[in-house]
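Next come the chains, spelled out residue by residue.
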Amino acid sequence: MPPLIYADNAATTNVRPEVLEEMLPYFGPEYGNPSSLYSIGRKASLAIADARERIARTLGAKPNEIYFTSCGSESDNWAIKGAAHANASKGKHIITTVYEHHAVLHTMDSLKKEGFEITYLKVDSEGLISPEEFEAAIRPDTILAAVMYANNEIGTILPIKEFAAIAKAHKVLFFTDAVQAVGNIPVNVSELGVDMLSLSGHKIHAPKGIGALYVRTGVRLGTLIDGGGQERGRRGGTENVAYIRGLAKALELAVAELDDMPRVAALRDRLAREIVKIPYSRINGSMTHRLPGNLNVSFEFIEGESLILLLDMAGICASTGSACSTASLEPSHVLLSIGLPAEKAHGSLRLTLSHGNTEQDVDTILEKLPPIVQRLRDMSPLYEEIAHKKS
Ligand SMILES: *Cc1c(COP(=O)(O)O)cnc(C)c1O
């Protein structure tokens, strides 16, 4: 087996050793329930308070504005449903975008069934939305806008600071799914001026099963889980102390190492430059407003799924669109949203790099990918026909 090249960091990331080390005591001697009054309970409670404070400091928030959840999807659900329900008396209109993560889009589906009206902002061929388009969608009965900071498939970064200022001027609550932005670009809730922001541990080298939601003081948000009063009465359930510790450590490390991102972007740019030399290929999404580690390419005449399997056999982990759309075999809603026809969206490849990736990884991908694309095309009758016409 060749050494594994992991180029799917938007799907999940490895747990860093420092993060695991921070968590281990809470699987061992520090097993107290944070709500208990004796000393190991109090120690667990202090461990959570310390983690909350570190996360708040890193994001530019106050500690009591940070809520721990079990994942990014839970944070997205809570922010949107919680704000919609708490503010329904003011109006029932919500703004979002066509290319949000399914944790947002499917949440909107369930609110629609409850009588909320949703406007889906379209994106241009680069995946961008202008502040003017955002402002034009606001109505007198708009209560909430949910716009992702960075897209998980094509890496597009949206002007969230401008959007949040516009929303504020119209007294509309502003939530951003920052799951892909955190750890890849600077994220500071005070500078951004957002009301709510979600993040997820496993996208920033913490384990799967921990997330957080920032809720600005004063924002009305319904309770998510009725229970024993944890998370200031808004999200019951005994806290996941170990994972909370891991999230704090991972976030601190991610922010401390943001200066490695120009290196990651340079690796990505080299991949992009070389991969577009493959005939009938195109890069999807803006190259300027883009996450440093993200590359998304479409190859005509091939199926992304076959490409992923052959890359896997060559020791390379990559994905078509997002991990979620891979399972459903539907063409990616994100690629369709930027105007790709379904057949081109099917032949897409997402490579997402992080701190662990090296120049050698790029060399190997560039060595293995073009012959695999060619091999798949050689089996395509359509390609055969077109290549024949040309020669
Ligand atoms: C991964 C992801 C989520 C979901 O996070 P989970 O922790 O896996 O539930 C939500 N939004 C975006 C943009 C993501 O990339």
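Residues numbered from 1 in each chain as written. Predicted model: local features only at pLDDT ≥ 70, side-chain atom pairs only at ≥ 80, totals over all residues. Heavy atoms only, no water.

Caption draft 1: Local environment of the layout of surface pockets. Put simply, the largest pocket is a space of about 350 Å³. In terms of lining, the largest pocket is formed by 19 residues, of which the most central are Lys-171, Val-172, Leu-173, Asp-195 and Arg-216. Secondary structure elements with two or more residues in the lining of the largest pocket: β5 (142-146) and α7 (189-192). (1 Å grid on protein atoms, 1.4 Å probe; cavity = no way out; pocket = protein on both sides within 12 Å on 5 of 7 lines; lining within 4 Å. Points joined across faces, edges and corners; volume = space filled by probe spheres on them. Helix = DSSP H or I, 4+ residues; strand = E, 2+ residues; numbered from the N terminus.)

Caption draft 2: Fine view of a negative patch on the surface. On the surface, a cluster of negative charge is made up of Asp-124, Glu-126, Glu-132, Glu-133 and Glu-135. Tracing the chain through its elements places Glu-133 in helix α5 (residues 131-136). (Patch = residues over 30% accessible without salt bridge, like charges linked within 9 Å, V, L, I, M, F, W, Y side chains within 5 Å. Areas by Shrake-Rupley, 256 points an atom, 1.4 Å probe, with all protein chains shown as cover. Salt bridge = Lys/Arg side-chain N within 4 Å of Asp/Glu carboxyl O. Lys, Arg positive; Asp, Glu negative; His and termini not counted. Charge placed at Lys NZ, Arg CZ, Asp CG, Glu CD.)

Caption draft 3: Quick peek at unusual backbone geometry. Positive phi outside glycine occurs at Arg-232, with the angle close to 50°. Topologically, Arg-232 is positioned in the loop between β8 (211-215) and α8 (241-256). Positive phi values are uncommon outside glycine, yet Phe-301 reaches one of about 70°. Considering the arrangement of structural elements, one finds Phe-301 in the loop between β10 (294-299) and α10 (304-313). Since its relative accessible area comes to 15%, Phe-301 is described here as buried. (Buried < 20%, exposed > 50% of the residue type's maximum accessible area, 1.4 Å probe, protein only.)

Caption draft 4: Structural detail: the site of the ligand. If you check the shell around the ligand, you find 13 residues, and the closest are Ser-73, Asp-177, Gln-180, Ser-200 and Lys-203. Note that an oxygen atom of the ligand is positioned 2.8 Å from one of the side-chain N or O atoms of His-202. Contact distances for the ligand include 2.8 Å between an oxygen atom and a side-chain N or O atom of Lys-203. Examining the composition of the shell around the ligand, we find that three residues originate from one element, helix α3 (residues 72-86), more than from any other. Grouping the constituent residues of the shell around the ligand by class yields three nonpolar, seven polar and three charged. (Near = heavy atom within 4 Å. Polar contact = N/O pair within 3.5 Å; in protein donor to acceptor, adjacent residues only side chain to side chain. Nonpolar A, V, L, I, M, F, W, Y, C, P; charged D, E, K, R; others polar.)

Caption draft 5: Spatial organisation of the sheet that holds strand β9 (residues 281-283). As summarised here, the arrangement of the three strands in space is β9-β10-β12, forming an open sheet in which the pairing is antiparallel. Here the strands that pair on one side only, and so sit at the sheet edges, are β9 and β12 (348-352). The average angle at which neighbouring strand axes cross in this sheet is 25°, direction not considered. Sheet topology note: the β9/β10 ladder contains three bridges and is antiparallel. Bridge pairing links Ser-281 to Phe-299 in β10. (Pairing = 2+ DSSP bridges. Axes fitted to C-alpha atoms, helices over the stretch in contact; angles between N-to-C directions.)

Caption draft 6: Representation of the packing of α10 against helix α14 (residues 359-378) in the model. Following both chains from N to C, one finds α10 and α14 inclined at 135°, their axes separated by 10 Å at the closest point. Between α10 and α14, the crossing angle belongs to the class labelled oblique. In terms of crossing hand, the pair formed by α10 and α14 is right-handed. In this structure, α10 contributes Ser-306, Leu-307, Leu-310 and Leu-311 to the contact, and α14 contributes Leu-369, Ile-372, Val-373, Arg-375 and Leu-376. Of the residues belonging to the contact of α10 with α14, the class tally is seven nonpolar, one polar and one charged. (Parallel < 35°, antiparallel > 145°, perpendicular 65-115°, else oblique. Left-handed = near helix turned anticlockwise from the far one by under 90°. Contact = heavy atoms within 4.5 Å.)

Caption draft 7: Region of the structure containing empty space enclosed by the protein. In the structure shown here, the tally under the stated rule is three cavities of 30 Å³ or more. Put simply, the largest cavity is a space of about 180 Å³. Forming the boundary of the largest cavity are 20 residues, of which Asn-9, Asn-184, Lys-203, Leu-353 and Ser-354 lie nearest the centre. Split by residue class, the lining of the largest cavity holds eight nonpolar, eleven polar and one charged.

Caption draft 8: Quick peek at the side chain of Asn-151. On the secondary structure map, Asn-151 appears in the loop between β5 and α6 (160-169). One polar contact links the side chain of Asn-151 to the main-chain amide nitrogen of Glu-153, over a distance of 2.7 Å. Not counting residues within four places of it along the chain, the set of residues in contact with Asn-151 comprises Tyr-99, Thr-156, Gln-180, Leu-291 and Val-334.

Caption draft 9: Summary view of the domain arrangement of the protein chain. Split by domain assignment, the protein chain resolves into domain 1 (5-13 + 259-390) and domain 2 (17-256). Taking the mean C-alpha position of each, domain 1 and domain 2 sit 29 Å from one another. If you look at the interface, domain 1 gives 29 residues, while domain 2 gives 32 residues. For the pair domain 1 and domain 2, the two sides together bury roughly 2400 Å², of which 52% comes from carbon and sulfur. Among the residues domain 1 hides against domain 2, the three largest losses belong to Thr-13, Leu-291 and His-333. Together they make up 26% of the total. Linking domain 1 to domain 2 there are zero salt bridges. Run the count over domain 1 and domain 2 and you get 15 residue pairs in polar contact (both at pLDDT 80 or more). The dominant element in the side of domain 1 that touches domain 2, judged by the number of residues it contributes, is helix α12 (residues 333-337), at four residues. (Domains from an automatic or database assignment. Buried area = accessible area lost by both parts, 1.4 Å probe.)

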